[in-house]
Amino acid sequence: MQTITETIPLPNSALRESLLHDRFGRVFSYLRIAVNERCNLRCIYCMPPEGVDFQSKKELLTTREINRIVGVASTLGISKIRFTGGEPLLHPHIVSLVGTAVKTPGIESVHLTTNGLLLRETAEALRQAGLHGINISFDTLDNTKFKTITRKEGLPVVLEGLELALMLEFPDVKVNVVAMRGFNDDEITDFVELTREHPLTVRFIELMPFDSHQIWKTGKFYQAEHLISDLTTLYPDLTPVNGSSTEHCVFQHPGYRGKIAVIPAYSRNLCSGCTRVRLTADGYIRNCLYSHREYNLREILRNDGTDREIADLFKTAMWNKLADGWEAQRRGEEHRESMTQIGG
Ligand code: SAM
Ligand code: SF4
């Protein structure tokens, strides 16, 4: 488990600060919250077929605890919230979580990452609750391949969910595609073509080594740099455009309504501009996806901790963030079995 390095104490000046920042001058404004661990799919790069050792409900943060954390985080300069999981649409109070976050002073936008299976049922309520952005994950447009990668059926339902999200005009609709050699490298153009008519961003994400079966080691890794080179060979007219800080390279084809982004999730060449804080479903703060070091917020919440104590733990966690994800990985062994426990 968590063997590592000492905690570097926060200097008084940093304790007094109202912003979350670290020793390298990075300021953190984006909180990703995993609201659960369970999922209705079993993507091969995320979970084994039998699932992982899911924690019991009482170990996971409650709706009330999540709302409280959002409130305290907003006083620390967090302005963007993303709900993820597990599958966040399986959470019985996801609409209320979104609505409360939207109404929290200081929160400027609330987003959600979902596999889309339950989107048809929930999209309208989420839109009404004020959800700004929705990222829908599917790695293929082929039904048989969908079953291979997720071990379940459901692509047509996911695509209907996407269509509904577009119809409801969520301000920010994205499609998350984990790019894998020998699996979907022949579908790049099909995904790019989604941006011809639709104002959405297709994000090709590098495969990361976050599953206990290490699918990552089976030759499927497709590096961002190679992806960009293949994309620009297929579409020589692609033009670089501005995207969010987590998007390595964003392009648009002239005349197409949407955008294409490439996310170097494994290559980690965006760490110097990182703005993210992560909260696991069981209430631990992670200052980096690749760090095994976690900070127990649940303990504070369940021992009558004050808002000040919650804020100070956020500050300490972020102050201790290492220079980049490579350094964080070098410092120890991952103890979580799956991305579903961290939230991606
Ligand atoms: N269940 C939701 C979904 O799939 O969108 C939210 C949670 S999922 C862990 C968040 C994102 O992480 C998804 O876009 C998923 O494709 C991505 N992901 C999961 N495991 C990954 C891996 N090993 N490498 C790269 N991306 C991964
Ligand atoms: Fe579920 Fe998302 Fe993991 Fe797939 S990536 S198994 S949809 S949590």
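Overview of the structure.

Rules used in this analysis
- Residues numbered from 1 in each chain as written.
- Chains lettered and ligands numbered in written order.
- Predicted model: local features only at pLDDT ≥ 70, side-chain atom pairs only at ≥ 80, totals over all residues.
- Heavy atoms only, no water.
- Near = heavy atom within 4 Å.
- Polar contact = N/O pair within 3.5 Å; in protein donor to acceptor, adjacent residues only side chain to side chain.
- Areas by Shrake-Rupley, 256 points an atom, 1.4 Å probe, with all protein chains shown as cover.
- Nonpolar A, V, L, I, M, F, W, Y, C, P; charged D, E, K, R; others polar.
- Axes fitted to C-alpha atoms, helices over the stretch in contact; angles between N-to-C directions.
- Helix = DSSP H or I, 4+ residues; strand = E, 2+ residues; numbered from the N terminus.
- Parallel < 35°, antiparallel > 145°, perpendicular 65-115°, else oblique.
- Left-handed = near helix turned anticlockwise from the far one by under 90°.
- Contact = heavy atoms within 4.5 Å.
- Salt bridge = Lys/Arg side-chain N within 4 Å of Asp/Glu carboxyl O.
- Buried < 20%, exposed > 50% of the residue type's maximum accessible area, 1.4 Å probe, protein only.
- Phe/Tyr/Trp six-rings, centres within 6.5 Å; stacked < 30°, edge-to-face > 60°.
- Expected span 1.5 Å × (residues − 1).
- Core = buried A, V, L, I, M, F, W, Y, C linked by side-chain atoms within 4.5 Å.
- Pairing = 2+ DSSP bridges.
- Right-handed = clockwise from strand over helix to strand, strands pointing away.

1. Description of the site of ligand 1
Surveying the vicinity of ligand 1 reveals 17 residues, the closest of which are Y45, G86, S137, N176 and M208. Here an oxygen atom of ligand 1 and a side-chain polar atom of S137 are 2.5 Å apart. Between ligand 1 and M208, the relevant distance is 2.8 Å, taken from a nitrogen atom to a main-chain nitrogen or oxygen of the residue. Surface burial for ligand 1 is 94%, taken as the share of its 540 Å² of free accessible area covered by protein chains. Each residue belonging to the shell around ligand 1 can be placed in one class, and the counts come to six nonpolar, nine polar and two charged.

2. Section: the packing of helix α4 (residues 119–129) against helix α6 (residues 155–167)
At a minimum axis separation of 9 Å, α4 and α6 run at an interaxial angle of 20°. By the angle between their directions, the pair α4 and α6 is classed as roughly parallel. Viewed along their axes, α4 and α6 form a crossing whose handedness is right-handed. When α4 is examined against α6, the residues L119, R120 and A123 are found in contact with a partner set consisting of V157, E160, G161, L162, L164 and A165.

3. Remarks on the site of ligand 2
Surrounding ligand 2, one finds C39, L41, R42, C43, C46, M47, G86, N115 and T340. Across the shell around ligand 2, the residue classes break down as five nonpolar, three polar and one charged.

4. Notes on the pattern of salt bridges
Opposite charge on two side chains lets them pair, provided their charged atoms get close. One pass over the full model with this rule turns up eleven salt bridges. The salt bridge partner of R120 is E160, with a shortest N-O separation of 2.8 Å. On the criterion of sequence distance, the pair formed by R120 in helix α4 and E160 in helix α6 is long-range, its members being 40 residues apart. The partly exposed category is assigned to R120, whose relative accessible area is 39%. Its relative accessible area of 37% is what places E160 among the partly exposed residues. Put simply, K147 and E153 hold a salt bridge, and the shortest N to O gap is 3.5 Å. K147 gets classed as partly exposed once you look at its relative accessible area, which sits at 44%.

5. Let's talk about the packing of aromatic side chains
The final tally for this structure, using the stated rule, is three aromatic pairs. On the basis of an interplanar angle of 40° and a centroid distance of 6.0 Å, the ring pair of F138 and F191 is categorised as tilted. Here F138, found in the loop between β4 (133–137) and α5 (143–150), pairs with F191, found in helix α7 (residues 188–197); they are 53 residues apart in sequence, far enough to count as distant. Under the relative-accessibility criterion, F138 is labelled buried at 2%. Taken together, a centroid distance of 6.2 Å and an interplanar angle of 90° make the contact between F191 and F204 edge-to-face.

6. Regarding helix α10 (residues 307–319)
The end-to-end C-alpha distance of α10, which contains 13 residues, comes to 18 Å, matching closely the 18 Å that a straight helix rising 1.5 Å per residue would cover. Within α10, ten of the 13 residues are buried, which leaves it mostly tucked inside the rest of the structure. Among the residues making up α10, those that are buried are I310, A311, D312, L313, F314, K315, T316, A317, M318 and W319.

7. Here we look at the nonpolar core
Formed by 90 residues in total, the largest nonpolar core has its most connected members in L31, F83, F138, F204 and F314. When residues no more than four places from it in sequence are discounted, the contact partners of L31 are I69, A73, I78, K80, I81, R82, V277, R278, L279 and F314.

8. Focus on the pairing of strand β2 (residues 80–84)
By the criterion of burial, β2 is predominantly enclosed, with four of the five residues buried. Here five bridges tie strand β1 (residues 30–34) to β2, and the two strands are oriented parallel to one another. Residue pairing across strands places A34 opposite T84, the latter belonging to β2. Handedness of the crossover is the feature at issue here: the chain leaves β1, passes through helix α2 (residues 63–75), returns alongside β2, and the resulting connection is right-handed. Across four bridges, β2 lies against strand β3 (residues 109–114) in parallel orientation. For I81, the partnering residue across the bridge sits in β3 and is V110.

9. What to know about the environment of L238
Examined against the element boundaries, L238 turns out to sit in the loop between α8 (224–234) and β7 (239–241). For L238, a relative accessible area of 9% translates into the label buried. Considering only alpha carbons, one finds L238 and P254, 16 residues apart in sequence, at a separation of 7.0 Å. Beyond its immediate sequence surroundings of up to four residues, L238 is in contact with L231, F251, Q252 and H253.

10. What about the sheet that holds β2?
The strand order β7-β8-β9-β6-β5-β4-β3-β2-β1-β10-β11-β12 describes an open sheet built from twelve strands, whose pairing is mixed. Only two strands of the sheet have a single neighbouring strand rather than two, namely β7 and β12 (294–296). Across the sheet, the axes of successive neighbouring strands diverge by a mean angle of 25°, strand direction being ignored. In this structure, β7 lies alongside strand β8 (residues 249–252), joined through three bridges in antiparallel fashion. Directly across from T239, in β8, lies its bridge partner Q252.

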